[in-house]
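# Per-entry structural report
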Amino acid sequence: MCFSATASFTAGAALSAVGAVTVHRSRGKAELPLAAIPLLFGVQQLSEGFLWVSLRHGMPNLASWSMYTFTAFSHVIWPILIPFAILLVETKRWRKSALRIFLGLGLTVGLYLLYFLITLPMTAQIYRNSIFYDTPHFYIYGVLALYLLATCVSGLFSRYWCINVFGALAFVLAVIAYEVSVKTFVSVWCFYAAVLSLLVLVHFTGPMQAHRPALARSRERAQK
């Protein structure tokens, strides 16, 4: 598959627009992190669009800013935010307990990768129509396993089918991205996951509207 600045800018603009809709449709602070996911994916894709431009036209300052913005999302924000957002919209005790474990894994992975993003040199380069982010750290496969648990498997513990589908497909797309190219795995999977985040719009529209008032009532009863 051929990726480009155009693909990243187009995806970024579309997801930002979708994110504006989902944030507007969210009800209360508990739903806001989940609603913001498409918007944040939009920002991430826009940053990669600028990285494409800067790498092709020799703009090192813009390249550095874009690279670190993109990897802040891919390495740190997503493994923490996704289980956190899912946790906030759940009401059943056993689901919340399980999601707290996934959030703990996400925090561990996110902070671990943040340390290496800060302390070790990182580079980005165009490789076979994608971008290769060289972000060195130890225990690559162990970290990837924990990352997948936090970002994909956590979705399977939600009561909402849209989030279940997101988690399952995110895992499948991770495998596909890995098969496409190990080197460009981060860039390719993030693009796939960004498009997949359109499921969040489904969660906040249509038939799902009927379930959300029940969620609010459940939370109110739990607080009494």
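Residues numbered from 1 in each chain as written. Predicted model: local features only at pLDDT ≥ 70, side-chain atom pairs only at ≥ 80, totals over all residues. Heavy atoms only, no water.

### Some remarks on the environment of Ile131
- Along the chain, the position of Ile131 falls in strand 2 (residues 130-134).
- Classification of Ile131 as buried rests on a relative accessible area of 0%.
- Between the C-alpha atoms of Ile131 and Tyr141, which are 10 residues apart in sequence, the distance is 20 Å.
- In this structure, Ile131 is in contact with Glu48, Leu51, Trp52, Leu55, Ala124, Gln125, Ile126, Thr184 and Ser187, ignoring residues within four places of it in sequence. (Helix = DSSP H or I, 4+ residues; strand = E, 2+ residues; numbered from the N terminus. Buried < 20%, exposed > 50% of the residue type's maximum accessible area, 1.4 Å probe, protein only. Contact = heavy atoms within 4.5 Å.)

### Digging into the nonpolar core
- By size, the foremost hydrophobic cluster in this structure holds 55 residues, and its most contacted members are Ile37, Trp78 and Trp189.
- Considering every element that reaches this core, the biggest residue donor is helix 4 (residues 60-88), with 11 residues.
- Leave out the neighbours within four places in its chain, and Trp78 touches Ile37, Leu40, Phe41, Gln44, Phe73, Pro83, Tyr147 and Thr151. (Core = buried A, V, L, I, M, F, W, Y, C linked by side-chain atoms within 4.5 Å.)

### As for the pairing of strand 1 (residues 123-127)
- Both strand 1 and strand 2 contribute to a ladder of 5 bridges, which runs antiparallel. Its bridge partner being in strand 2, Ala124 is matched across the sheet by Tyr133.
- What sits between strand 1 and strand 2 in their antiparallel hairpin is a turn of 2 residues, with Arg128 showing a positive phi close to 50°. (Pairing = 2+ DSSP bridges.)

### Quick word on the packing of aromatic side chains
- Going through the model one piece at a time under the given rule, you end up with 14 aromatic pairs.
- Each ring, one from Phe41 and one from Trp78, has its centre 4.0 Å from the other, and the planes form 20°; the classification is stacked. Linking Phe41 in helix 3 (residues 37-57) with Trp78 in helix 4, this pair joins segments that are 37 residues apart in sequence.
- Consider the rings of Phe50 and Trp65, whose centres lie 6.4 Å apart with planes at 70°: the pair is edge-to-face. Taken together, the residues span a long stretch of sequence, with Phe50 in helix 3 and Trp65 in helix 4 at a distance of 15 residues. (Phe/Tyr/Trp six-rings, centres within 6.5 Å; stacked < 30°, edge-to-face > 60°.)

### Looking at the packing of helix 5 (residues 93-119) against helix 6 (residues 140-151)
- Viewed as axis vectors pointing N to C, helix 5 and helix 6 meet at an angle of 135°, and their least axial separation amounts to 8 Å. In terms of their interaxial angle, helix 5 and helix 6 are classed as oblique. For the pair helix 5 and helix 6, the sense of crossing is left-handed. Between helix 5, through Phe102, Leu105, Gly106, Val109, Tyr112 and Leu113, and helix 6, the contact on the second element is made entirely by Val143, Leu146, Tyr147, Leu149 and Ala150.
- Of the residues assigned to the contact of helix 5 with helix 6, the class counts are 10 nonpolar, 1 polar and no charged. (Axes fitted to C-alpha atoms, helices over the stretch in contact; angles between N-to-C directions. Parallel < 35°, antiparallel > 145°, perpendicular 65-115°, else oblique. Left-handed = near helix turned anticlockwise from the far one by under 90°. Nonpolar A, V, L, I, M, F, W, Y, C, P; charged D, E, K, R; others polar.)

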